[in-house]
Amino acid sequence: MTATATSTPPPAAPKVTGGKGGRSRLSLPWILLIVAGGLIALSAVRAITGAQDLTSAGQINAALSLAVPIGLAGLGGLWSERAGVVNIGLEGMMILGSFFGAWAGWQTDPWLGILAGILGGMIGGLLHAVATVTFGVDHIISGIAINILAVGFTTYFAKLWFNSGEAAAKGGSPKQSPPSEEITSVTIPGLSDWLADIEKHHWFLVSDVAGILGGLVTNLSLVTVLAVVLLIATFFVLWKTAFGLRLRSCGENPIAAESLGVNVYKYKYIAVVVSGGLAGLGGAFLSLVTSHIYNEGQTGGRGYIGLAAMIFGNWRPGGLAMGAGLFGFADALQLRSGGESVHALLLLLFVALVGIAAWKAYKKRWITSSIAIVIGVGILIWYLGTTTVPVEFVSATPYVVTLLVLSLSAQRLRMPKADGMRYRKGEGK
């Protein structure tokens, strides 16, 4: 892949910065207030509709398991885009991670499989860095190329490695790997049982809190714990260290960063390779923790959803975690409870739209407020006139949630100023 692969080169990085730097972020008290309000609303919906699985420990545990690969992909995107490189190739890097993780996992140890998955994703990240940073290829074109190459590579080698010899004898096929051993899960004894007892009473709010906490301390994979550690470490590395400041400066104004002595190429390479490694870890989670085998098409677009979670989180780890949790929750609902729980969420969506309409009216944005009211009334009529939702809609729930949260959060987003823009070494001299 060379620079001639693009018909229209991306615009050059800006030489000056200006503006207010985007909208102000929500303070911690406001975030806690929003979370508490959402929990109360969810508890009320559970009590009204009788959909007890909405806040059960099983639902939360499944949501967490489904949120981890999405969150890791989004975390990878955050590293890359904070350095100014758009990484639409997260899906392909997840595919590489799931394939190499399963390939190494069934032959050796699942933890070695995790390491192999990370390395597989880093190879994809390195290819993306070479194309975009060194040769100046359009970031979107390079990412799409990596996605296509990853599918082709894994399809070919799955047929070559999993369909013969010992692999075939142990259950391998052209589309899947032999199973690997299970990675250890942990449960906090005593606390888990106590929370389960409280949850069974179905008390308003109290049982809901117990169910949520129970899902977080029961059958928790060690890889999930690792993902949480990586999320926290990302915040401290990127926002609390000199290294992180230099890396983020490459995504805001690489020319100014270079003029101050920052090796922009080096930081972009580091960010994109780390991005690939995190996405690869997300893919390995799918093949070694969620299912214990590699399956063709296993990622199911989670790389793209991770990118959406990152955007929803405004390119920050905390918001990213909330977005990944929301998408994981929606995915778990449609897998566990189907139409009943998704139907109950229609009532919650109505309440949310009424709240949005009231807020927009307070801000004197009458058109937006009116649109929210009209959509909310339509959803309420749908809820009152039915007892379930079609299977097709249930299956599409995670993707509908993705579109909704992106559309509702679009007005407060502030991406890195030089994100996706071409930079050439020496422009700051």
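Here's what I pulled together on the structure shown here. Everything numeric in this text was worked out from a predicted model, so none of it was measured.

### Quick notes on the overall build of the chain
No. 1: Secondary structure assignment for the chain yields 18 helices and 2 strands.
No. 2: The C-alpha radius of gyration computed for the chain amounts to 23 Å, which stays within 12% of the reference 22 Å derived for 429 residues, consistent with globular compactness.
No. 3: For the chain, the spread of C-alpha atoms along the principal axes amounts to about 65 × 65 × 40 Å.
No. 4: Across the 429 residues in the chain, those meeting the buried criterion constitute 47%.
No. 5: Of all intrachain contacts in the chain linking residues separated by at least 6 positions in sequence, the fraction that spans at least 24 positions is 81%.

### Points about the layout of surface pockets
Picture a little ball the size of a water molecule; that probe, rolled over the atoms, points out where space is still empty.
No. 1: A volume near 210 Å³ is recorded for the second largest pocket.
No. 2: What lines the second largest pocket is a set of 15 residues, among which Ser65, Ser185, Asn219, Ser221 and Val289 lie closest to the centre.
No. 3: When residues in the lining of the second largest pocket are grouped by element, the largest group, 4 residues, is from helix α12 (residues 264-290).
No. 4: Its residues assigned to classes, the lining of the second largest pocket shows 6 nonpolar, 8 polar and 1 charged.

### Comments concerning the nonpolar core
No. 1: Formed by 51 residues in total, the largest nonpolar core has its most connected members in Ile114, Val223 and Leu247.
No. 2: Considering each element in turn, this core owes the most residues, 13 residues, to α12.
No. 3: Among residues more than four places away in sequence, those in contact with valine 223 are Trp111, Ile114, Ile183, Leu281, Phe285 and Val289.
No. 4: Counting residues in hydrophobic clusters, the runner-up holds 21 residues, among them Leu54, Phe329, Leu345 and Tyr383.

### Quick notes on the pattern of salt bridges
No. 1: As enumerated under the stated definition, the model contains 6 salt bridges in all.
No. 2: A salt bridge links aspartate 208 to arginine 46; its shortest N-O distance comes to 2.5 Å. Pair noted here: aspartate 208 is in helix α8 (residues 206-217) and arginine 46 is in helix α1 (residues 28-49), with a separation of 162 residues, a long-range link.
No. 3: The class of arginine 46 is buried, set by a relative accessible area of 3%.
No. 4: Between glutamate 252 and arginine 82 there is a salt bridge, and its shortest N-O distance comes to 3.9 Å. With a gap of 170 residues between them, glutamate 252 in helix α10 (residues 242-252) and arginine 82 in helix α2 (residues 57-82) connect regions that are remote in the sequence. Of the two residues examined, glutamate 252 and arginine 82, each falls in the buried class.

### Examining the packing of aromatic side chains
No. 1: The full count for this structure, using the stated rule, is 17 aromatic pairs.
No. 2: Between phenylalanine 235 and phenylalanine 236, the aromatic rings sit 5.5 Å apart at their centres with planes inclined by 75°, giving edge-to-face as the arrangement.
No. 3: On the basis of relative accessible area, phenylalanine 235 is assigned to the partly exposed category, the value being 29%.
No. 4: Aromatic rings pair up to connect Phe99, Phe100, Trp103, Phe153, Tyr156, Phe157, Trp161, Phe162 and Tyr294 into one cluster.

### Remarks on the environment of serine 56
No. 1: Looking at the element boundaries, serine 56 is found in the loop between α1 and α2.
No. 2: Here the alpha-carbon distance between serine 56 and proline 390, two residues 334 residues apart in the chain, equals 23 Å.
No. 3: Those residues in contact with serine 56 that lie beyond four places of it in its chain are Glu199, Gly211 and Arg336.
No. 4: A polar atom in the side chain of serine 56 sits 3.1 Å from the backbone nitrogen of glutamine 59.

### Description of the side chain of serine 98
No. 1: Mapped onto the fold, serine 98 is located in helix α3 (residues 90-107).
No. 2: Here serine 98 falls in the buried class, since its relative accessible area comes to 1%.
No. 3: One polar contact links the side chain of serine 98 to the main-chain carbonyl oxygen of isoleucine 95, over a distance of 2.8 Å.
No. 4: Excluding residues within four positions of it along the chain, serine 98 makes contact with Gly280, Gly283, Ala284, Ser287, Tyr294, Gln298 and Thr299.

### Here's the deal with α1
No. 1: The end-to-end C-alpha distance of α1, which contains 22 residues, comes to 31 Å, matching closely the 32 Å that a straight helix rising 1.5 Å per residue would cover.
No. 2: Glycine 50 sits one or two residues past α1 and shows a positive phi near 80°.

### Let's talk about a nonpolar patch on the surface
No. 1: A cluster of nonpolar side chains, contributed by Trp111, Val186, Leu222, Val225, Leu226 and Val229, occupies part of the molecular surface with about 440 Å² of accessible area.
No. 2: For the nonpolar patch, the element with the most residues is helix α9 (residues 222-240), which contributes 4 residues.
No. 3: Assignment of secondary structure puts leucine 222 in helix α9.

Cut-offs and rules
Residues numbered from 1 in each chain as written. Predicted model: local features only at pLDDT ≥ 70, side-chain atom pairs only at ≥ 80, totals over all residues. Heavy atoms only, no water. Helix = DSSP H or I, 4+ residues; strand = E, 2+ residues; numbered from the N terminus. Rg over C-alpha atoms; globule rule 2.2 N^0.38 Å. Buried < 20%, exposed > 50% of the residue type's maximum accessible area, 1.4 Å probe, protein only. Contact = heavy atoms within 4.5 Å. 1 Å grid on protein atoms, 1.4 Å probe; cavity = no way out; pocket = protein on both sides within 12 Å on 5 of 7 lines; lining within 4 Å. Points joined across faces, edges and corners; volume = space filled by probe spheres on them. Nonpolar A, V, L, I, M, F, W, Y, C, P; charged D, E, K, R; others polar. Core = buried A, V, L, I, M, F, W, Y, C linked by side-chain atoms within 4.5 Å. Salt bridge = Lys/Arg side-chain N within 4 Å of Asp/Glu carboxyl O. Phe/Tyr/Trp six-rings, centres within 6.5 Å; stacked < 30°, edge-to-face > 60°. Polar contact = N/O pair within 3.5 Å; in protein donor to acceptor, adjacent residues only side chain to side chain. Expected span 1.5 Å × (residues − 1). Patch = residues over 30% accessible without salt bridge, like charges linked within 9 Å, V, L, I, M, F, W, Y side chains within 5 Å. Areas by Shrake-Rupley, 256 points an atom, 1.4 Å probe, with all protein chains shown as cover.

Interpretation in functional terms is not warranted from these geometric data alone.
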